[in-house]
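Observations on chain architecture
Residue strings, one per chain:
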Amino acid sequence: MSFAQSLSSLHPSSPRARRSPLSSSDLYPMEATSTLALSSSPAAARRSQEKSAVASLHLRRFLTTSSLHLRAVQSPALRAHSSAFQGWRRRRRAGGLVVRAEMFGQLTTGLESAWNKLRGVDVLTKENIAEPMRDIRRALLEADVSLPVVRRFIESVSEKAVGTDVIRGVSPDQQLVKVVNDELVQLMGGEVSDLSFAKSGPTVILLAGLQGVGKTTVCAKLALYLKKMGKSCMLVAADVYRPAAIDQLNILGKKVGVPVYSEGTDAKPSQIAKNGLKEGKSQKKDVIIVDTAGRLQVDKAMMNELKEVKKAVNPTEVLLVVDAMTGQEAAGLVSSFNDEIGITGAILTKLDGDSRGGAALSVKEVSGKPIKFVGQGERIEDLEPFYPDRMAQRILGMGDVLSFVEKAQEVMRQEDAEELQKKILSAKFNFNDFLKQTQMIAKMGSFSRLIGMIPGMNKVTPAQIREAEKNLKFMESMINVMTPGLFSIITHIINISFCMHRLKFYNYAF
Ligand SMILES: Nc1nc2c(ncn2[C@@H]2O[C@H](COP(=O)(O)OP(=O)(O)OP(=O)(O)O)[C@@H](O)[C@H]2O)c(=O)[nH]1
């Protein structure tokens, strides 16, 4: 196709432009345009004209995909595609085309403007909190929290903020932050909701949820989490509709060192679950996790199947896996699953890509069921219990030091940390130690996630994080290619320059 033809095909009336809204070239605009650029005329005179046309084409395709994504977020039918699009957005971030969504980033920014409005006031009154409350309301609605929840929240915060006695040394804006923090904690359930375990015999955990929300991944993540608690687990593959789900579970099971029970795709899910439980009992497993099939939307067949599986294994926990990026829709789903099959809680996945926070804030209030775990990444270690107080602090931009310390403890032994400290204090910290340190940090999770846990670091932009990640990789590669000889020469040069710096600091003249 010539370049001119390619451009004319973009006209809304052309058949190519009227094709299915989520075709692969819409989802991969860069690939589409690069093919187009290659097929353009090589004539030098036309190059600059073509360049600007390609640029406008990039923009046009980009706007199309953005608006499609927005529509996908609004429409439940397109939400599955939205989730795929989000994944693509993150994968493409290396190309610098897209900005990575930060956990609760949008909500945190929205709330900040509320505190700023209270600078310079002496006391919180009904009048002076009116405008900040409007900002909080707007921020929550933009975060996709449901309207009745927002109304109750605003009422409660306004009442408590005005009625609170002034504490010496605490400014009114800090006082409002405290009230909002307490209310957010309450909204998300107050206390952490632990898993229940059966008093005798194995504990059965049944996982349910729509297609692609992350059920299969959660099975393995949960098994790893329980393994770290000292529990022995078995996974049961009762998703018979997507053959790849069984393979996926087998691979993930191997990865976390947990056996997987499966009978292929011909058996009935309730029978597989029953046989799996029998096998788990004979192997004296503590916990049996049952993976079930998802559907594009809630339907009768799915609910009936889940009811049958539930009846067959009598689970201690029935957890609904929901995608955080679906916002308040996730809370609605938890309600309807609870009404139909009776669940004990929810697992919120893909929180790492959720800049809004509507699901985390609405699930408990709308459905009455607690969020028990949150998935914050694609790695098998990225599942954590849901702590409402820590989440509230993250939302308010105060970081989450406790989670940070727990993550560090997972990857670093106390003795190693002490040895490292000694090395730093005696100036014996070398490139190998630095490399070891960066590898440990990488094990703790993505840079953006770690930075979000450090108080005051929420202002670091995604671009700065990307730059830091790039520089770190570059340094790692430099250290890895060094021969021992080169390594010692560079160490000496650095030591000499460090000494010179120190001497300069103590005012020695050169
Ligand atoms: N970023 C991110 N991705 C996740 C998370 N949890 C799951 N995923 C990804 O979501 C995709 C779908 O996960 P699956 O576990 O296959 O979903 P499923 O619900 O079992 O899918 P079906 O069996 O088709 O219903 C995979 O690419 C996972 O890596 C998470 O917490 N964060």
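Residues numbered from 1 in each chain as written. Predicted model: local features only at pLDDT ≥ 70, side-chain atom pairs only at ≥ 80, totals over all residues. Heavy atoms only, no water.

The eight strands lie next to each other as 3-2-4-1-5-6-7-8, forming an open sheet whose pairing is mixed. The sheet is open, and its two edges are formed by strand 3 (260-261) and strand 8 (383-385), each paired on a single side. Note that strand 7 (residues 371-375) and strand 8 share three bridges and pair antiparallel. Note on strand 8: the bridge partner recorded for Phe-373 is Pro-385. Of the strands in this sheet, strand 1 (203-209), strand 5 (317-323) and strand 6 (345-349) are in contact with helix 14 (residues 328-341), which crosses strand 5 at around 150 degrees. (Pairing = 2+ DSSP bridges. Helix = DSSP H or I, 4+ residues; strand = E, 2+ residues; numbered from the N terminus. Contact = heavy atoms within 4.5 Å. Axes fitted to C-alpha atoms, helices over the stretch in contact; angles between N-to-C directions.)

Moving on, we come to unusual backbone geometry. Backbone phi values are negative for most residues with the exception of glycine, while trans is the configuration of most peptide bonds. Residue Lys-284 is not a glycine yet carries a positive backbone phi of 55 degrees. Tracing the chain through its elements places Lys-284 in the loop between helix 12 (269-282) and strand 4 (287-292). Classification of Lys-284 as exposed rests on a relative accessible area of 68%. We note that Lys-350 has phi near 60 degrees; this positive angle belongs to a residue other than glycine. Topologically, Lys-350 is positioned in the loop between strand 6 and helix 15 (358-367). (Buried < 20%, exposed > 50% of the residue type's maximum accessible area, 1.4 Å probe, protein only.)

The full set close to the ligand counts 21 residues, and Lys-215, Thr-216, Thr-217, Arg-242 and Asp-352 are the nearest of them. For the ligand, an oxygen atom lies 3.1 Å from a polar atom in the backbone of Gly-212. The side chain of Asp-239 places a nitrogen or oxygen atom 3.2 Å from an oxygen atom of the ligand. Expressed as a share of its isolated accessible area of 660 Å², the protein-covered part of the ligand is 85%. Among the residues making up the shell around the ligand, the classes are represented as two nonpolar, 11 polar and eight charged. (Near = heavy atom within 4 Å. Polar contact = N/O pair within 3.5 Å; in protein donor to acceptor, adjacent residues only side chain to side chain. Areas by Shrake-Rupley, 256 points an atom, 1.4 Å probe, with all protein chains shown as cover. Nonpolar A, V, L, I, M, F, W, Y, C, P; charged D, E, K, R; others polar.)

Once that is clear, we can look at the pairing of strand 2 (residues 233-238). Most of strand 2 is tucked away, with six of its six residues classed as buried. Covered by surrounding structure in strand 2 are Cys-233, Leu-235 and Ala-237 together with Met-234, Val-236 and Ala-238, the residues of both alternating faces. Pairing between strand 2 and strand 4: six bridges, direction parallel. When the sheet's bridge partners are listed, Ala-238 is paired in strand 4 with Thr-292. Relative to strand 3, strand 2 runs parallel, the two being bridged by two bridges. From the neighbouring strand, Leu-235 faces strand 3, where its bridge partner is Val-260. For the crossover from strand 2 across helix 11 (residues 243-256) to strand 3, the handedness is right-handed. (Right-handed = clockwise from strand over helix to strand, strands pointing away.)

Direction vectors running N to C along helix 14 and helix 15 enclose 30 degrees, while the axes themselves pass 7 Å from each other. With respect to helix 15, the element helix 14 is oriented roughly parallel. In the crossing of helix 14 with helix 15, the sense of the turn from one axis to the other is right-handed. Along its contact with helix 14, which presents Gln-328, Ala-330, Ala-331, Val-334, Ser-335 and Asn-338, the element helix 15 presents Gly-358, Ala-359, Ser-362, Val-363, Val-366 and Ser-367. Here the residues of the contact of helix 14 with helix 15 sort into six nonpolar, six polar and no charged. (Parallel < 35°, antiparallel > 145°, perpendicular 65-115°, else oblique. Left-handed = near helix turned anticlockwise from the far one by under 90°.)

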